[in-house]
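# Inside the fold
What follows is each chain in one-letter form.
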Amino acid sequence: MSWIELFRGVNMIKDITNQKVAHEKTETYYAYLRILNEELIPAMGCTEPIALAYAAAKARCVLGEIPDKIDVCVSGDIIKNVKSVVVPNTNGLKGIKAAVAAGIISAREDRVLEVLADMTPNEKLQIRKYLENTVINVSPSHSSLNFDINLTLYKGNSYTKLRITEDHTNVVLIEKNGDILYQPGKINSHAEHNNDKQLLDINNIFKFANVVEINDIKNIISRQIRYNMNIAEEGLKNNYGANIGKVLLSMYGNDIKIRAKAKAAAASDARMNGCELPVIIVSGSGNQGIAASVPVIEYATEYHIDSDTLYRALVLSNLIAIYLKTGIGCLSAFCGAVCAGCASGAAIAYLLGGDLNAVSNTISNSLAIVSGIICDGAKSSCASKIASSVEAGILGYHMYLNEHDFLPGDGIVGNNMENTVNNIWRLAKIGMKETDVEILNIMTEN
């Protein structure tokens, strides 16, 4: 794309958003704002072990003392996503027991997914000692839910039960010594949030990105920029995991297409391997939050895009990532980084002046490239999957620019972008159900 085309494209977006017409703030408008505020939240470390730590901290606070025995019953996808990542602020500990022990020692339930932030050196030592001297039993859940955490804490004759289902902070049961202290009805905040997400579609997301008042999203998006770029820089600066970002830059140079995916990969490597910096998550995932934001921010820096246009592009990217993941579910055998990487490609198209057609074709093209990537748990290779997904997003956009889109009927490509997305949902939710079982079998045999 020439500088003239770039200039015209960016100003096209500015012309749309600066029109002096009254925009009616519909229910969809407010629903999209709620989605952004509820989804783009800070978390330190991989979100599944952090959810365990949060559950443990909350249950300890209900019990009122440090338990001397804990029963942990979790779904297979929780086991899969906790097995291989470092729990932050534990001096390198991994696994379900470490995450639960860290939450018990922290007891900072009010910090939610930042429950392990600000741990003192003494507390870090206490975690290891607690693990050595406490019975923590771990068993698989027989629930049909992909996301299911059940904890029972015991101290003498007292006990507390706590259950989280469907997403990382959705507490559905708190029980103490036979008394139900909390058990929401069918309509709770989680259900209301899912109702909001049913309003997501590409046309309305694109419209919202164009008309949303910057003041309505400035704080939340600027925080995403700050947090996620901080951990990306940390990942490139120091030694984390497989150092995918450094490998990409050393092999292929500093071109923007390389740098965009390298920085995202570096951020993932850092958070998968114990970095104590928080990230802003999307769809309950730090890796998805990184993949949906860092490449877009890097492109905006390269092309000197103004901040308002970047905010709008990130709104688009986040909402597309959430939309693509909504039909799949919180956890599955389908790699969530695919959704976020494809969304970032669409946002880059928007950032450089692309219209709704450019955004839609970018999504369809990129989904056709990388939808076969599996989720085999959270660990260092997530960084390379992010890099591949971001690359597919960028390639999908350049395919559109060169009028070489994938055609309807090419494999899972549908008659339009929405049909392609529905095919992806079907593949991920139904087709990959048995794949998820086999992945877990393989992981638990090793």
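Residues numbered from 1 in each chain as written. Predicted model: local features only at pLDDT ≥ 70, side-chain atom pairs only at ≥ 80, totals over all residues. Heavy atoms only, no water.

## Points about the overall build of the protein
Summing up its helical and strand segments, the protein has 18 helices and eight strands in all. Projected onto its principal axes, the C-alpha coordinates of the protein cover approximately 75 × 50 × 40 Å. For the protein, the proportion of its 446 residues judged to be buried stands at 57%. For the protein, contacts bridging at least 24 residues in sequence account for 77% of all contacts bridging at least 6. When the 41 basic and 47 acidic side-chain charges of the protein are each reduced to a single mean position, those positions are 5 Å apart. (Helix = DSSP H or I, 4+ residues; strand = E, 2+ residues; numbered from the N terminus. Buried < 20%, exposed > 50% of the residue type's maximum accessible area, 1.4 Å probe, protein only. Contact = heavy atoms within 4.5 Å. Lys, Arg positive; Asp, Glu negative; His and termini not counted. Charge placed at Lys NZ, Arg CZ, Asp CG, Glu CD.)

## Quick notes on the nonpolar core
Residues Leu 52, Ile 149, Ile 217 and Ile 320 are the most contacted members of the largest nonpolar core, which totals 132 residues. Beyond its immediate stretch of four places on either side in the chain, Ile 149 contacts Ala 51, Leu 52, Ala 55, Cys 73, Val 74, Ile 78, Leu 162, Arg 163 and Ile 164. Counting residues in each nonpolar core, the second largest holds seven residues, with Ile 244, Ile 258, Ala 262 and Ala 387 among its members. (Core = buried A, V, L, I, M, F, W, Y, C linked by side-chain atoms within 4.5 Å.)

## Points about the pairing of strand β7 (residues 179-182)
Sheet topology note: the strand β6 (residues 171-176)/β7 ladder contains three bridges and is antiparallel. Within β7, the position partnered with Lys 176 by the bridge is Asp 179. A loop of two residues connects β6 with β7, the two strands running antiparallel in sequence, and Asn 177 in this loop sits at a positive phi of about 50°. (Pairing = 2+ DSSP bridges.)

## Quick look at the pattern of salt bridges
Summed over the entire model, instances satisfying the criterion amount to 20 salt bridges. Residue Glu 39 pairs with Lys 197 through a salt bridge whose shortest N-O separation is 3.5 Å. Of the two residues, Glu 39 is situated in helix α2 (residues 27-39) and Lys 197 in helix α7 (residues 189-197); the sequence distance between them amounts to 158 residues. In this structure, the salt-bridge partner of Arg 108 is Glu 123, at a minimum N-O distance of 3.0 Å. Remark: Glu 123 occurs in helix α6 (residues 121-133) and Arg 108 occurs in the loop between α5 (96-106) and α6; sequence separation between them is 15 residues. Across the pair, exposure class does not vary: Arg 108 and Glu 123 are buried alike. (Salt bridge = Lys/Arg side-chain N within 4 Å of Asp/Glu carboxyl O.)

## A look at α5
The buried count for α5 comes to ten of eleven residues, which makes it a mostly enclosed element. Taken together, the buried positions of α5 are Ile 96, Ala 98, Ala 99, Val 100, Ala 101, Ala 102, Gly 103, Ile 104, Ile 105 and Ser 106. Buried-residue contacts for α5 involve α3 (47-63), β2 (69-74), α4 (76-82), α6, β3 (135-140) and β4 (148-155).

## Let's talk about the confidence of the model for the protein
The share of residues in the protein with pLDDT of 70 or more is 93%, and the mean pLDDT across the chain is 91. Across the protein, the element-wise mean pLDDT spans from 44 in helix α1 (residues 3-17) up to 98 in helix α9 (residues 214-237). This model gives residues 1-22 a pLDDT under 50, and the stretch forms 25 contacts once residues within four places in sequence are excluded. (pLDDT = per-residue confidence, 0-100.)

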